[in-house]
There are 2 protein chains.
Amino acid sequence: MPQAPASGGPALGTVAVVGVGLIGGSLALALKARGTCREVIGADAAPLDKALSLGVVDRAVSVEEAAAQADVVVLSTPVGAFPEVARRIRPALRPEAVVTDTGSVKRYVLEHVGPLFKGRFVGAHPIAGKERSGVEAATPDLFDGAHCILTPEIDCDADAAETVSRLWRGTGARVTTMPADVHDQVFACVSHLPHLVAYALMATVDRTRPGGVDPASFAAGGLRDFTRVAGSDPVMWRDICLTNPDAVTAMLDAYVHDLGVLKEAIRRGDGEALRTAFEAAQRVRERVTQ
Amino acid sequence: MPQAPASGGPALGTVAVVGVGLIGGSLALALKARGTCREVIGADAAPLDKALSLGVVDRAVSVEEAAAQADVVVLSTPVGAFPEVARRIRPALRPEAVVTDTGSVKRYVLEHVGPLFKGRFVGAHPIAGKERSGVEAATPDLFDGAHCILTPEIDCDADAAETVSRLWRGTGARVTTMPADVHDQVFACVSHLPHLVAYALMATVDRTRPGGVDPASFAAGGLRDFTRVAGSDPVMWRDICLTNPDAVTAMLDAYVHDLGVLKEAIRRGDGEALRTAFEAAQRVRERVTQ
């Protein structure tokens with residue numbers, strides 16, 4: 001008999017995770033560890049032998065079987081694959097089932113996935129990650145204390161929103177709700193922009209050879225701190241950029257403006273402006289690291 | 001009797017460190033731990049009570065006394081203070097003494113400090129640091145295995161260059177020589193640019209409030225990795241920007257170009273270009289982290 005969920009409400013039934021990598025796998029482990037649902041079934045384009053042997057999912061099924069058997073379906077592939085997966089899920093889905101996702105962009109998902117499921121879709125974005133990816137890196141505590149943003153549309157069914165909220169609270173996450181457009185701008189700022197900043201920095205380093213010297217040989221802390229971000233999965237980040245282009249390019253413009261402010265201060269030798277800007281950055285840093 | 005230095009040559013005599021913070025203090029500790037010199041004396045604008053009680057320097061003296069007593073004087077204040085310190089040192093300096101520094105920029109130092117000491121000045125830049133600054137953070141192993149770049153001018157005395165090389169080898173550092181202009185471009189790329197990149201990112205985060213939401217509340221790994229760099233000492237980084245303006249603004253231009261390449265790929269929905277760029281960044285990252 002499953003353990004009662006931490007939130008006190010009744011256990012969810014069968015949760016199907018489509019795409020069992022770091023995030024989908026950690027979700028499955030967290031739900032099982034906390035008794036939030038009766039069982040977790042997995043579907044993936046790749047074989048799920050590893051997820052099964054690690055005990056991450058109880059059964060491996062096809063996407064169509066997952067749709068037919070699940071009370072909650074969680075899309076956890078790269079975002080670019082969501083529309084295709086959603087089309088395969090739709091015909092078999094039970095009317096009372098709920099669909100959610102773990103994608104890093106939300107307006108695109110609402111537009112390309114939401115309409116297939118009418119009021120039964122509720123977008124979600126758990127704010128968690130690791131340097132390593134893949135199901136081998138999945139852990140049951142990945143979402144413990146982490147934010148999970150829900151972006152329910154105004155016409156979504158109240159019980160669907162409550163089910164998705166219960167799902168994520170049942171992983172240990174702190175659930176917050178905001179409009180999809182606000183979400184996409186917030187994460188363009190704190191996540192998508194920083195990744196592009198790091199990727200571009202590697203490109204600049206790559207094409208710089210003063211006096212024939214490779215600067216990478218002398219990289220100290222300054223550059224090294226950026227390398228974890230620059231090592232992120234290229235396909236995942238391609239998809240994020242392509243599915244949140246307006247917010248991301250607007251943030252890039254804002255950022256290039258702020259670089260230009262520093263450049264002009266350097267050019268005119270304005271030490272006071274530089275010091276003031278650097279001190280302001282320290283104060284923002286303190287807000288970020290709280 | 002002092003222990004023989006690791007390099008096998010004779011011990012240096014009295015080394016004077018002017019500016020006993022993280023770098024100057026760690027240099028003093030490393031020289032003492034390895035028996036590279038007979039004694040280390042310290043001079044600083046602030047009282048050296050802490051450096052004395054921690055055993056970082058053997059004696060605390062004035063800048064003028066340091067100049068009169070030292071075989072090697074190491075300038076280790078913020079770079080902006082070097083010209084003033086050099087003017088105070090010059091009259092008392094013994095003719096056979098050697099002057100070096102630990103500054104992060106080298107062309108500026110050669111132009112503003114070098115001429116005061118003719119062939120007795122040899123610039124140096126140890127590539128080491130920590131999140132914490134100040135003499136309390138100093139350790140004898142800070143330079144162990146780290147690069148130290150020397151930028152001897154063509155007219156510097158051979159024995160002065162050899163003394164400074166022996167000084168830094170006697171901290172455990174790996175000594176490399178390059179022209180000052182090459183140094184300044186290499187470090188504009190791998191150190192000064194990354195700091196400006198991080199400072200500007202904090203400014204962008206600070207002025208972004210989508211739907212009234214503070215993005216800093218939702219900062220995940222992406223942004224957090226940049227915060228250590230953005231927390232660096234504002235005065236030190238002001239001085240670096242003001243004393244290496246040409247290389248720094250040229251690197252900013254190159255970097256804004258690379259951001260623009262990514263932005264255009266996003267705008268035209270060119271997933272192949274984005275993926276290729278992100279994969280190239282991963283390869284640079286591997287060079288950097290080696």
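Residues numbered from 1 in each chain as written. Chains lettered and ligands numbered in written order. Predicted model: local features only at pLDDT ≥ 70, side-chain atom pairs only at ≥ 80, totals over all residues. Heavy atoms only, no water.

A. Representation of the overall build of chain A within the structure. On a plain count of helices and strands, chain A comes out with 13 helices and 8 strands. For the C-alpha atoms alone, the extent of chain A along its principal axes is close to 70 × 40 × 35 Å. The burial tally for chain A puts 58% of its 290 residues in the buried class. Excluding contacts between residues fewer than 6 apart, the proportion of contacts in chain A whose partners are at least 24 apart in sequence is 73%. Put simply, chain A shows about 11,200 Å² of open surface, and 51% of that area lies on carbon and sulfur atoms. (Helix = DSSP H or I, 4+ residues; strand = E, 2+ residues; numbered from the N terminus. Buried < 20%, exposed > 50% of the residue type's maximum accessible area, 1.4 Å probe, protein only. Contact = heavy atoms within 4.5 Å. Areas by Shrake-Rupley, 256 points an atom, 1.4 Å probe, with all protein chains shown as cover.)

B. Up close: the nonpolar core. In this structure, A:Ile89, A:Phe226, A:Tyr255, B:Ile89, B:Phe226 and B:Tyr255 are the most contacted members of the largest nonpolar core, which totals 141 residues. When sequence neighbours within four positions are dropped, the list of residues in contact with B:Ile89 reads B:Val18, B:Val63, B:Ala67, B:Val73, B:Leu75 and B:Phe117. (Core = buried A, V, L, I, M, F, W, Y, C linked by side-chain atoms within 4.5 Å.)

C. Highlighting the interface of chain B and chain A. The interface is formed by 87 residues belonging to chain B together with 87 residues belonging to chain A. Carbon and sulfur atoms supply 72% of the area buried between chain B and chain A, which totals about 7,900 Å² over both sides. For the interface between chain B and chain A, the tally reads 10 salt bridges. Those elements that place two or more of their residues in the side of chain B that touches chain A are β7 (147–151), α7 (180–206), α8 (221–224), α9 (227–230), α10 (234–243), α11 (245–267) and α12 (271–289) of chain B. A per-element tally of the side of chain B that touches chain A places α7(B) first, with 20 residues. Class assignment of the residues belonging to the side of chain B that touches chain A gives a composition of 50 nonpolar, 20 polar and 17 charged. (Buried area = accessible area lost by both parts, 1.4 Å probe. Salt bridge = Lys/Arg side-chain N within 4 Å of Asp/Glu carboxyl O. Nonpolar A, V, L, I, M, F, W, Y, C, P; charged D, E, K, R; others polar.)

D. Highlighting the environment of B:Leu274. Tracing the chain through its elements places B:Leu274 in helix α12. Once the C-alpha coordinates of B:Leu274 and B:Val261 are considered, the two residues, 13 residues apart in sequence, prove to be 9.3 Å apart. With residues near it in sequence (within four places) discarded, B:Leu274 still touches A:Arg238, A:Cys241, A:Leu242, B:Leu262, B:Ala265 and B:Ile266.

E. How the structure looks around the side chain of A:Asp225. By secondary structure assignment, the location of A:Asp225 is in the loop between α9 (221–224) and α10 (227–230). Among residues more than four places away in sequence, those in contact with A:Asp225 are B:Asp225, B:Arg228 and B:Val229.

F. How the structure looks around the pairing of strand β5 (residues 98–101) of chain A. Residue and element names in this part refer to chain A. Every second residue of β5 is oriented toward a common face, with Val98 and Thr100 on one face and Val99 and Asp101 on the other, all of them buried. Relative to β5, strand β4 (residues 72–75) is paired through 4 bridges, and the arrangement is parallel. When the sheet's bridge partners are listed, valine 72 is paired in β5 with valine 98. As a crossover connection, the stretch from β4 through helix α4 (residues 82–89) into β5 is right-handed. (Pairing = 2+ DSSP bridges. Right-handed = clockwise from strand over helix to strand, strands pointing away.)

G. View of unusual backbone geometry. Of note in this structure, A:Lys118 is not a glycine but carries a positive phi near 50 degrees. Classification of A:Lys118 as exposed rests on a relative accessible area of 67%.

H. Broad picture of the sheet that holds strand β8 (residues 174–177) of chain B. Residues and elements named next belong to chain B. Pairing within the open sheet is mixed, and its 8 strands lie in the order β3-β2-β1-β4-β5-β6-β7-β8. Looking at which strands have only one partner, the edges of the open sheet turn out to be β3 (59–60) and β8. Here helix α1 (residues 22–33) sits on the sheet and contacts β1 (12–18), β2 (37–43), β4 (72–75) and β6 (121–126); the angle it forms with β2, its principal contact strand, is near 160 degrees. Together, β1, β4, β5 (98–101), β6, β7 and β8 form the strand contacts of helix α6 (residues 158–169), whose direction differs from that of β5 by roughly 50 degrees. (Axes fitted to C-alpha atoms, helices over the stretch in contact; angles between N-to-C directions.)

I. Examining helix α11 (residues 234–243) of chain A more closely. Counting buried residues along α11(A), 7 of its 10 residues qualify, which places the element largely inside the surrounding structure. Turning to α11(A), its buried residues number three or more, namely A:Pro234, A:Trp237, A:Arg238, A:Asp239, A:Ile240, A:Cys241 and A:Thr243. In this structure, the buried side of α11(A) is in contact with α5 (107–112), α8 (180–206) and α12 (245–267) of chain A together with α11 and α12 of chain B.

J. Broad picture of the packing of α8(A) against α11(A). Residue and element names in this part refer to chain A. Across the interface, α8 lies against α11 with an axial gap of 11 Å and an inter-helix angle of 125 degrees. With respect to α11, the axis of α8 lies oblique. In the crossing of α8 with α11, the sense of the turn from one axis to the other is left-handed. Within the contact between the two elements, α8 uses Ser191, His192, His195, Leu196 and Tyr199 and α11 uses Pro234, Trp237, Ile240 and Cys241. Of the residues belonging to the contact of α8 with α11, the class tally is 6 nonpolar, 3 polar and no charged. (Parallel < 35°, antiparallel > 145°, perpendicular 65-115°, else oblique. Left-handed = near helix turned anticlockwise from the far one by under 90°.)

K. Layout of the relation of the copies chain B and chain A. With an RMSD of 0.0 Å, the operation that places chain B on chain A is a rotation of 180 degrees combined with a shift of 0.0 Å along the axis. Look at the turn and shift together and you get a two-fold axis relating the two. Within chain B, B:Asp225 has its C-alpha nearest the rotation axis, a separation of 3.0 Å. Of the residues that chain B buries at the interface, 100% are likewise interface residues in chain A, meaning the two copies contact each other through the same surface. (Least-squares fit on C-alpha atoms with pLDDT ≥ 70 in both.)

L. Geometry of the packing of aromatic side chains. Within the structure shown, the criterion is met by 7 aromatic pairs over all chains. Centre to centre, the rings of A:Tyr199 and B:Phe278 are 4.0 Å apart; their planes meet at 10 degrees, and the pair counts as stacked. Residue A:Tyr199 is located in helix α8, and its partner B:Phe278 is located in helix α12; the two belong to separate chains. For the pair A:Tyr199 and B:Phe278, one class covers both residues: buried. Measuring from ring centre to ring centre gives 5.3 Å for B:Phe143 and B:Trp168, while their planes differ by 90 degrees; the resulting arrangement is edge-to-face. Of this pair, B:Phe143 sits in the loop between β6 and β7 while B:Trp168 sits in helix α6, placing them 25 residues apart in sequence. (Phe/Tyr/Trp six-rings, centres within 6.5 Å; stacked < 30°, edge-to-face > 60°.)

M. Structural view of the sheet that holds strand β8 (residues 174–177) of chain A. Residues and elements named next belong to chain A. Sheet architecture is open: 8 strands sit in the order β3-β2-β1-β4-β5-β6-β7-β8, paired in mixed fashion. Edge positions in the sheet fall to β3 (59–60) and β8, since each has one partner strand and no second. Sheet topology places strand β6 (residues 121–126) next to strand β7 (residues 147–151); 4 bridges connect them, and they run antiparallel. Bridge pairing in β7 places proline 126 opposite cysteine 148. Sheet strands in contact with helix α7 (residues 158–169) are β1 (12–18), β4, β5, β6, β7 and β8, and its direction is about 50 degrees off that of β5.

N. Highlighting the confidence of the model for chain A. Residues and elements named next belong to chain A. Averaged over all residues, the pLDDT of chain A equals 93, while 96% of them reach at least 70. Across residues 1–5 the pLDDT falls below 50, and counting only partners more than four positions away or on other chains, this stretch makes 11 contacts in the model. Our summary of model confidence lists the complex with pTM equal to 0.88 and ipTM equal to 0.88. (pLDDT = per-residue confidence, 0-100.)

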